[in-house]
Amino acid sequence: MNCPFCKHGDTRVLDSRVADDGTCIRRRRVCSECEKRFTTVEQMQLTVLKRSGATEPFSRDKAVAGVRKALKGRGVSEDALAKLGQDVEDALRAAGSAEIASHEVGLAVLEPLKQLDEVAYLRFASVYKAFASASDFADEIAGLMAARADAELQQATPEIAAPETTAAQAEPTN
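Summarised in this report is the structure supplied together with it. (Residues numbered from 1 in each chain as written. Predicted model: local features only at pLDDT ≥ 70, side-chain atom pairs only at ≥ 80, totals over all residues. Heavy atoms only, no water.)

The strand order β5-β4-β6 describes an open sheet built from 3 strands, whose pairing is mixed. Across the chains shown, the open sheet's two edge strands, defined by having one partner strand only, are β5 (55-57) and β6 (99-101). Recorded for the sheet is a direction-independent mean angle of 35° between the axes of neighbouring strands. Sheet analysis places strand β4 (residues 47-49) next to β5, joined by 3 bridges and oriented antiparallel. Looking at the pairing, threonine 47 lines up with proline 57 of β5. Of the strands in this sheet, β4 and β6 are in contact with helix α3 (residues 102-116), which crosses β6 at around 75°. (Pairing = 2+ DSSP bridges. Helix = DSSP H or I, 4+ residues; strand = E, 2+ residues; numbered from the N terminus. Axes fitted to C-alpha atoms, helices over the stretch in contact; angles between N-to-C directions. Contact = heavy atoms within 4.5 Å.)

In structure tokens form, the structure reads like this:
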């Protein structure tokens, strides 16, 4: 590791710590030449395996650019879009693999996009899942409506706990 101050090539690690919930390592270093200290952060490089067999580094900006097209005219803020990009990257990193198929990137985009904007989700899914007809849209919309109805039902009905029976209650009295 070269010193960022004097460009000397010999530095020593003083301290290493796990950071960001175990996704990266923070190292405190000192240069043996100028004695200045600096910090480095090591993070796993995600690579995307494309269908052609080529690989390229994962780019959050590239993932967000595809979603931005689906969100065109939907009035979603850039902050929400940036959060979606971070959620996608976090999901991919949580998978624990350094190389991810491009198909997995698309799957990682679908769920946060569904939560953010259902119309944009349908636009994105129509391209990603290669909808061939209106019935594909109808099936996807039916799935969205069923999921929404389930969520509303769970919020509307409080869980009714079954009464606990004790041994004394279970035995009949004579």
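Now that the structure has been shown, the text picks up again.
With that settled, the discussion passes to the nonpolar core. Soluble, globular proteins show a tendency: their nonpolar side chains are buried together. Counting 25 residues, the largest nonpolar core has Phe58, Val67, Leu92, Leu113, Tyr121 and Phe124 as its most contacted members. Elements supplying a minimum of two residues to this core: α1 (60-70), α2 (78-94), α3 and α4 (118-128). (Core = buried A, V, L, I, M, F, W, Y, C linked by side-chain atoms within 4.5 Å. Buried < 20%, exposed > 50% of the residue type's maximum accessible area, 1.4 Å probe, protein only.)

Turning our eyes to something else, we now look at the packing of α1 against α2. Where α1 contacts α2, the two axes come as close as 9 Å, and the packing angle between them is 125°. Looking at the two axes, α1 sits oblique to α2. Considering only the axes of α1 and α2, their crossing is right-handed. Touching Arg60, Val64, Val67 and Arg68 of α1 are Glu78, Leu81, Leu84, Gly85, Gln86 and Glu89, all from α2. (Parallel < 35°, antiparallel > 145°, perpendicular 65-115°, else oblique. Left-handed = near helix turned anticlockwise from the far one by under 90°.)

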